[in-house]
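Listed here are the chains, written in short residue letters.
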Amino acid sequence: MLYERESELARINTAVRRAEAGRPGALVLTGPVGIGRSTLLQEAGAQAPDTVRVLRANAAPMEQDFAYGIVHQLLGPALCADSTGPGGAGADGAARPCPTSCLPAPGEDTPASEAVLHDLRSVLAETGASAPVLLLVDDLQWADVPSLRWLAYLVRRPYGLRVALVCTLRDGDPRAQHPLIRDLADAAEILCPAPLSPDGTRAMIQHHLGEPADDAYARACQETCEGNPLFLEAVLRDLALAGHRPTAEHADEVRAQGPAQFRDRLAGCLSTQPGPVRDLAAAIAAFGDHGDADLFRRHARLDTVGYQQALRTLHHLGLLAPRDTPHFIHPVVRDAVDSALTVAERERSREAAAELLHQAGRPAEHVADLLMTVTASHHPWAVAVLRTAAQAALRRGAPDTAARYLQRALLGSTGSFERARLLIELAGAERGTDPAACERHIGQAVRLLPSAIDRAAATLLIPPTFLGEAPASAVDLLRRASEDLDPTAAHRGTAREIALRLEARLWHAGHENPTELTGAVERLRALGTPPPLDTGGDRELAAVLTNAATLSSALPAPDVAALAGKILEREPVTAARACIALPLVAVALYAADTVEGLNTRLSGEQHAGRPDAVVHAENALVQLACGRLTQAREQADLAAELADADWRESTTAVRAAVAMETGDVQLIEHLLRDAGQRWSGGLALTAMLQLLKASLDARRGRGVHALESLLGCGRQLEAAGWRNSALYPWRPRAIALHHRLGEPRAALALAEEELAWARQWAAPASLGRALRLRALLPGGGGVSALRESADVLRESANTLERARTLLQLGRALESGKESKAVLREAADLATACGAPWVAERAYAALGTTAPSVDASLTHSERKVVSLVGKGLTNQEIADELGVSTRAVEKHLTSCYRKLGVAGRRELPVARSAGAMLAAG
């Protein structure tokens, strides 16, 4: 089916009508490969009136030496038809001999003399005497020379003929410059079909896929195929066979298509080109995206004139995009060029291109990209280039690419030391994306390294497992490296630093073992008060041992906070190992309810060398410790988005803590679904998983199931020696559930345990919470315990815990001036924290309605919230208001904080709920 070829068909039809009137003419359809010349020629023949005789011929590359082949294709069938048609019998009724005998024998080397050409013209004139003739010749560039002489003869002597000649001629073909073809083209009218417009592309998509295309899909088709009908048809046929629909989400699949039909057509076209054109195409294919004109010319071994001629031919063929540097219109062209080469030729071409790039001093990654396409390179500089390219890839944040370069370099490495160095660099690239591969390659490198210090340093590249249980193989590598280094020796300098870090890793590997946990605390005490913190190794060891003291509650929170604060003060902002020590310090400060120093550091430092995911996770802990739920949720979500394999579980644990505190059912469900796919079996995440299940069950009225999960979680934590309720609050939640289920004795027993632990731990947030929980139970101290809780919590950074205690205290006081003041303070604190459910209870206890949630919003913020309620995206809101998306994001963040919601999906609900409260 033709699209947007009406003007060309109209001009052909005009030529036919003129031929009927005795005014012969010639037209030549030109254009690059795939523009639709042959299809247009076929359609012209199909549309010809019944009164017109259509004679066709198709030239082919293999028949160029077959003399008069085109003449026989055109005139032979017509003459035979004349001899057997009406009036074709003799007077005696016998059929006349076929008049093709007057044609030169096909393939006969008969000179195309004036007499022969005149006789053939006479045959055509006689053929067209009864009806005008439409001569259609496809691929004129491949016609045999005698036939070309005759066609040119016709064009030069048209008088008396009722003939319209229409030929197709492919741009860029070397034979298109034959003098006879040029003579014919000069005397003819030239038609150049244009590429399909976007509307034509849409029509073709609907025809092949059966439905209109989305804008993004149609745009992808237009950009990918550049209006080439054959290319587009091949793409759409492949997609139609796969049941593909023209929707926006499938647009990228269009760009990835390289249909074999079009590739083979291009390969056939290139095979007919002269050597310089093929060589230049091979050069452009070899360099990919990294070459330039000079490199292409040198690779193809062309002089300047030859290069320009070959370049023009590739442009005429429609294979090059309109750019300053030669570039194929689509990767399928490169595939077509490669398909014409043998494997050995392709390897030599790529390697030659890599060598030219290297000699020209191009970036290592460009050279490496070409080296990656050859099986093996024998250049002595190849390994060094691949290593340099890997380093560049790591700097730009592409560890997967760096790993591929280093894997390729290993194939060409020589000598055990060079191989060990490459394995170590490969492990460094893999540590954030594939920890198992990192460990495996470190194990291989260790066997090749000559010294104990080198082996120990290599094992430290294995990423530490902060939450899950460390793999036994990794622990074994660390232990062997530590023993090899002799940890009892008095090491100095680098050796001491490595020994300390190895010790830290081994202590942390045993953090789920109660015996190891106790040993770590004893080691911390043996280091003195304060322990040595001068070097990175000192601080890493101290951070690991402090974490053990935090998990086990073996030291009171003030002591833990003091030691963690000293580590924080001594750890440089730009330290390469900051990402190892600081997360454990952040957890200790969070549990100890002392996050001021961490908050100051996070707000002031540039985080050089630290993963963004870790910085956001630590920020989330700070916000959670202060009771600011909205900000905690934002930071936790950012941490989860940015986390790599090293930090995915750690950031997930922080997100789980935020989910439990906010009570976000959707987030809890998401985390529980995710747990079955990506969570490890470590105790930290197992405990978090049980706490999440209990939280969800409790909110859905399944209190008994929730309590079972909490008590099971408690048993596991106690067995491991993890007693810190600030990190894993199973007891506080179990106390509330026992109370709700009418089990006061069990609730009181747990409350006494929690309070005893909290007094020993001595963190204000934990102690204030324990006092409040006990006060809610019969015999738990009532108002006096709540007053004590409120006084303790005034020393805490956690304003949400204070709001909860003030709410209970205000309710317990029942009425009076003090009760109202306490409840108002509770409502204000809860609103600021982003906990509207606490604020609503406080207003209900006051007997008043909560203020409208819109009251604190600016006009712009109210408009943004309104548009969010209509389902608009940030970009659509920005377009509607005429502002930047950054401004929209700032408005939304302010709205989250003021309305106390965790994200955009809660905005319309919060606003409508506030309006209802204000109304009644």
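These numbers come from a predicted model, not from an experiment.

### Details of the pairing of strand β3 (residues 133–138)
- For β3, the tally of buried residues reaches six of six residues, placing the bulk of the element in the interior.
- Taking every second residue as pointing to the same face, both faces of β3 are buried, with V133, L135 and V137 on one and L134, L136 and D138 on the other.
- Relative to β3, strand β2 (residues 53–58) is paired through six bridges, and the arrangement is parallel. Residue pairing in the sheet places A57 in a bridge with V137 of β3.

### Let's talk about the environment of A282
- Tracing the backbone shows A282 in helix α12 (residues 275–287).
- Owing to a relative accessible area of 11%, A282 belongs among the buried residues under this scheme.
- Once the C-alpha coordinates of A282 and L793 are considered, the two residues, 511 residues apart in sequence, prove to be 75 Å apart.

### Looking at the packing of aromatic side chains
- Summed over the entire model, instances satisfying the criterion amount to four aromatic pairs.
- Taking the centre distance of 4.5 Å and the plane angle of 5° together, the rings of F231 and F262 count as stacked. In this pair, F231 is assigned in helix α9 (residues 229–241) and F262 in helix α11 (residues 260–271), connecting sequence segments 31 residues apart. Residue F231 shares its accessibility class with F262, and that shared class is buried.
- Ring geometry for W757 against W761: centres 6.3 Å apart, planes inclined by 15°, an arrangement best described as stacked. With W757 and W761 both in helix α37 (residues 744–761) and four residues apart, the pair spans about one turn of that helix.
- Classification of W761 by relative accessible area gives buried; the value is 1%.

### Points about the environment of E788
- Mapping E788 onto the fold places it in helix α39 (residues 782–793).
- In this structure the C-alpha to C-alpha distance between E788 and L771, which are 17 residues apart in sequence, comes to 7.4 Å.
- With sequence-adjacent residues up to four places away left out, E788 is seen in contact with R759 and L771.

### Comments concerning the nonpolar core
- Of all hydrophobic cores here, the largest spans 127 residues; its most connected members are L692, L717, W722, Y728 and W761.
- Within the second largest apolar cluster, 82 residues are counted, among which are Y217, A220, A283 and L295.

### Some words on helix α30 (residues 612–625)
- Its 14 residues place the ends of α30 20 Å apart at the C-alpha level, agreeing with the 20 Å of an ideal helix rising 1.5 Å per residue.
- The element α30 is largely enclosed, with a buried count of 13 among its 14 residues.

### Observations regarding α39
- Taking 1.5 Å per residue, 12 residues should reach 16 Å; α39 reaches 17 Å between its end C-alpha atoms and fits that length.
- Buried residues of α39: A785, L786, S789, A790, V792 and L793, and no others. Around the axis of α39, the buried residues are gathered within 160° of arc, so they sit on the same side. Residues of α39 that are exposed and point over 90 degrees away from its buried face: S784 and D791.
- Where α39 is buried, its residues meet α38 (764–775) and α40 (799–813).

### Here we look at the sheet that holds β2
- The sheet built from five strands is open, its strands ordered β2-β3-β4-β1-β5 with parallel pairing. If you trace the sheet from one side to the other, it starts and ends with β2 and β5 (189–191), each paired once. Here the strands of the sheet are splayed against their neighbours by 20° on average, with no regard to which way each runs.
- Here helix α2 (residues 37–47) sits on the sheet and contacts β1 (25–31), β2, β3 and β4 (163–170); the angle it forms with β3, its principal contact strand, is near 160°.

### Digging into the packing of helix α17 (residues 364–371) against helix α19 (residues 399–411)
- Where α17 meets α19, the closest approach of the two axes is 11 Å, and the angle between their N-to-C directions is 60°. Our classification of the angle between α17 and α19 gives oblique. The hand of the α17/α19 crossing is left-handed. Residues E365, A368, D369 and L371 of α17 touch α19, and the partners they reach there are T401, Y405 and R408.

### A word on the side chain of T313
- Counting through the fold element by element, T313 comes out in helix α14 (residues 304–316).
- Classification of T313 by relative accessible area gives buried; the value is 16%.
- Apart from residues no more than four positions distant in its own chain, T313 is found in contact with G172, Q273 and V277.

### Points about the side chain of D138
- When you line up the elements, D138 lands in strand β3.
- For the buried D138, no salt bridge is present, and the opposite-charge side chain at shortest range is R37, 5.8 Å distant.
- Only 2.5 Å separates the side chain of D138 from the side chain of T168, close enough to count as a polar contact.
- Beyond its immediate stretch of four places on either side in the chain, D138 contacts S38, L41, A57, N58, A59 and T168.

### Considering the confidence of the model for the chain
- With 90% of its residues at a pLDDT of at least 70, the chain reaches an overall mean of 86.
- Long-range and interchain partners of residues 85–100, a stretch whose pLDDT sits below 50, account for 19 contacts in this model, where long-range means more than four residues apart.
- For the stretch residues 911–920, pLDDT sits under 50, and the model shows 13 contacts to residues farther than four places along the chain or on other chains.

### Points about the environment of A59
- Within the fold, A59 resides in the loop between β2 and α3 (69–84).
- A relative accessible area of 9% places A59 in the buried class.
- Note: C-alpha distance between A59 and S413 (354 residues apart in sequence) is 55 Å.
- Discounting residues that sit within four places of it in the chain, A59 has contacts with I70, D138, D139, W142 and A143.

### As for the pairing of β4
- For β4, the tally of buried residues reaches eight of eight residues, placing the bulk of the element in the interior.
- Residues of β4 alternate between two faces, with V163, L165, C167 and L169 on one and A164, V166, T168 and R170 on the opposite face, all of them buried.
- Bridge count between β1 and β4: seven bridges; the pairing is parallel. Bridging from a neighbouring strand, T30 pairs with L169 of β4.
- The pairing of β3 with β4 spans five bridges and is classified as parallel.

Calculation rules
Residues numbered from 1 in each chain as written. Predicted model: local features only at pLDDT ≥ 70, side-chain atom pairs only at ≥ 80, totals over all residues. Heavy atoms only, no water. Buried < 20%, exposed > 50% of the residue type's maximum accessible area, 1.4 Å probe, protein only. Helix = DSSP H or I, 4+ residues; strand = E, 2+ residues; numbered from the N terminus. Pairing = 2+ DSSP bridges. Phe/Tyr/Trp six-rings, centres within 6.5 Å; stacked < 30°, edge-to-face > 60°. Contact = heavy atoms within 4.5 Å. Core = buried A, V, L, I, M, F, W, Y, C linked by side-chain atoms within 4.5 Å. Expected span 1.5 Å × (residues − 1). Arc of directions from axis to C-beta. Axes fitted to C-alpha atoms, helices over the stretch in contact; angles between N-to-C directions. Parallel < 35°, antiparallel > 145°, perpendicular 65-115°, else oblique. Left-handed = near helix turned anticlockwise from the far one by under 90°. Lys, Arg positive; Asp, Glu negative; His and termini not counted. Salt bridge = Lys/Arg side-chain N within 4 Å of Asp/Glu carboxyl O. Polar contact = N/O pair within 3.5 Å; in protein donor to acceptor, adjacent residues only side chain to side chain. pLDDT = per-residue confidence, 0-100.

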